[in-house]
Amino acid sequence: QIPKDPVQRWLRELAALSQQLQQVHPNVLAKILKQRTLYQNEEIVVIDKPYGLPVHGGPGIKNCIADVLPILAKMLENMKAEPLHLCHRLDKETTGVMVLARSKEAAEKIRLLFKTRQVEKIYWAVVLGDPDPVEGVVEIPIVEKEVKSHQSHYKMTLAPNYRLCPEDGKVMKIRKNRNAESAVTRYRRLATASACSLLELQPITGVKHQIRVHLAYGLGCPILGDHKYSHWSKLAPQKLPELTLRRLKLVQSKARHLPLHLHAHRLCLPLGQPLDFVCKPPLFFQKTLRKLELDIPKD
């Protein structure tokens, strides 16, 4: 039953995004990933990771990328192929360029490139508001903390090394949190409209949820559809500006269906010669850009 009304149809599409790939048979999932292969050589396979598909399994997760790597390897090569290996991770809700290795040795080599920050990663995100300044670097350590609320949960948050002195308003250094990891994200604004912006992001470090935390708490511009990092103390649907809701043809009560608009757009891997992979944002992301009148920059 497909609704005739385009607004209802859009809402149905959004609501179904996370569920779709959890319902399919692992063989079907492997086939989908095969169709989304961007590049392969004797060492690596590069895929365009779909929305709502976790990299690793866990409670309540029926399908994940790790589980179908043996099937995918056979589909790409032959029945005797050894399983593919994970080299890095993307959040379940993040889409875009992802590298898999054909052997343990290749995987270790690529993991080392990620660890030693030799891989250039460029993300695109639609965020609420407009960052000030419009480009710069967020360099604030991040730590995981338990949030005590009616439903206790864990969240990454900022652990700055500086704060303002209450007496004279001057910046003073404070003692470093022992558990905090240093985190650096470069950002620049590509477009702004409808109370939102399209940002290009380059994480220099690779801390869990780094981009999401730096944008929400460091710049005050949470990613559209990031219901986890829109409030500190609660897990609640994101509150959207009136203009944004109007352009997206949504009411606030349906904002919970909005998916996270974070996309791994480009990845440059120095394997022998530098390999450069670019991946278009998924359809829902492109539709949002059109609705919000955010112009995609021409590469």
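Within any chain, residue numbers begin from 1 and follow the written order of that chain's sequence. At least 70 in pLDDT is required for a residue's local features to be given in this predicted model, at least 80 for side-chain atom pairs to be given and counted, and no such filter applies to totals for whole chains, interfaces and linings, which use all residues. Calculated side-chain values reflect all of the structure's heavy atoms, with hydrogen atoms and water omitted.

1. So, the UniProt feature "domain: Pseudouridine synthase RsuA/RluA-like" (unreviewed entry) in the protein
Under the UniProt annotation, "domain: Pseudouridine synthase RsuA/RluA-like" (unreviewed entry) lies at residues 44–216. Across residues 44–216, helical content stands at 18% and strand content at 38%; the span's end C-alpha atoms are separated by 34 Å. UniProt positions are given in the numbering used here, feature names are shortened, and annotations may be inferred rather than shown by experiment. Secondary structure elements follow DSSP: runs of H or I no shorter than four residues count as helices, runs of E no shorter than two count as strands, and numbering proceeds from the N terminus.

2. Section: helix H4 (residues 104–115)
The terminal C-alpha atoms of H4, which comprises 12 residues, lie 16 Å apart, in line with the 16 Å expected from a rise of 1.5 Å per residue. In this structure, the buried residues of H4 make contact with strand E2 (44–49), strand E3 (85–86), strand E4 (95–101), strand E5 (120–128) and strand E13 (262–271). Remark: Arg117 follows H4 within two positions and exhibits a positive phi of approximately 60 degrees. A helix's residues, less one, multiplied by 1.5 Å, set its expected span. By the convention used here, residues are in contact when the closest approach between their heavy atoms is within 4.5 Å.

3. Some words on the nonpolar core
In this text, buried Ala, Val, Leu, Ile, Met, Phe, Trp, Tyr and Cys residues form a nonpolar core when linked through side-chain atoms within 4.5 Å. Burial classes: relative accessible area under 20% of the type maximum marks a residue as buried, over 50% as exposed, and values in between as partly exposed (1.4 Å probe, protein chains only). Counting residues in each nonpolar core, the largest one holds 69 residues, and the members touching the most others are Ile65, Val126, Leu201, Leu215 and Leu294. Domain borders in the structure are assigned automatically or taken from a domain database. Counting contributing residues per domain, this core is built from domain 1 (11–116) and domain 2 (120–266), each supplying no fewer than three. The contact partners of Leu294, leaving out residues within four places of it in the chain, are Val126, Ala191, Thr192, Ala193, Cys196, Ser197, Leu198 and Leu289. One finds Ala107, Ile110, Phe114 and Leu275 within the second-largest nonpolar core, a separate group that totals 18 residues.

4. A short note on unusual backbone geometry
A negative phi holds for most residues other than glycine; trans holds for most peptide bonds. Residue Asp132 is joined to Pro133 through a cis peptide bond whose omega torsion reads 0 degrees. With respect to the secondary-structure elements, Pro133 resides in the loop between E5 and strand E6 (135–139). Phi is positive for Ser194, which is not a glycine, with a value near 55 degrees. Mapped onto the fold, Ser194 is located in the loop between strand E11 (184–193) and strand E12 (196–203).

5. What about the pairing of E12?
The buried count for E12 comes to 7 of 8 residues, which makes it a mostly enclosed element. In short, DSSP must find at least two bridges between two strands for them to pair. Pairing analysis gives 8 bridges linking E11 to E12, with the strands arranged antiparallel. Its bridge partner being in E12, Thr192 is matched across the sheet by Ser197. Count of turn residues in the E11/E12 antiparallel hairpin: 2 residues, of which Ser194 carries a positive phi of about 55 degrees.

6. Here's the deal with the pattern of salt bridges
Should a side-chain nitrogen of Lys or Arg be within 4 Å of a carboxyl oxygen of Asp or Glu, the pair is scored as a salt bridge. Throughout the structure, instances matching the rule amount to 13 salt bridges. Each of Arg89, Asp91, Arg212 and Asp226 takes part in one network of salt bridges that share partners.

7. Examining the domain arrangement of the protein
Here the protein is partitioned into domain 1 (11–116) and domain 2 (120–266). Each of domain 1 and domain 2 was reduced to a C-alpha centroid, and the two centroids are 26 Å apart. Contacts between the two partners involve 13 residues from domain 1, matched on the other side by 15 residues from domain 2. Taken together, both faces of the contact between domain 1 and domain 2 bury some 1100 Å²; the carbon and sulfur share is 65%. Summed over both partners, the accessible area (1.4 Å probe) lost when two parts come together is defined as the buried area. Three residues stand out in domain 1 for area buried against domain 2, namely Leu11, Leu14 and Asp91, and they jointly supply 36% of the buried area on that side. Counting every contact that joins domain 1 to domain 2 gives 1 salt bridge. A salt bridge links Arg212 to Asp91; the shortest N-O distance between them is 3.0 Å. Two N or O atoms count as a polar contact when they lie within 3.5 Å, although within protein this holds only if one can serve as hydrogen donor and the other as acceptor, and sequence-adjacent residues are included solely when both atoms are side-chain atoms. If you look at where domain 1 meets domain 2, you find 6 residue pairs in polar contact (both at pLDDT 80 or more). Elements supplying a minimum of two residues to the side of domain 1 that touches domain 2: helix H1 (6–20) and E4. When residues of the side of domain 1 that touches domain 2 are assigned to their parent elements, the largest contribution, 4 residues, is made by H1.

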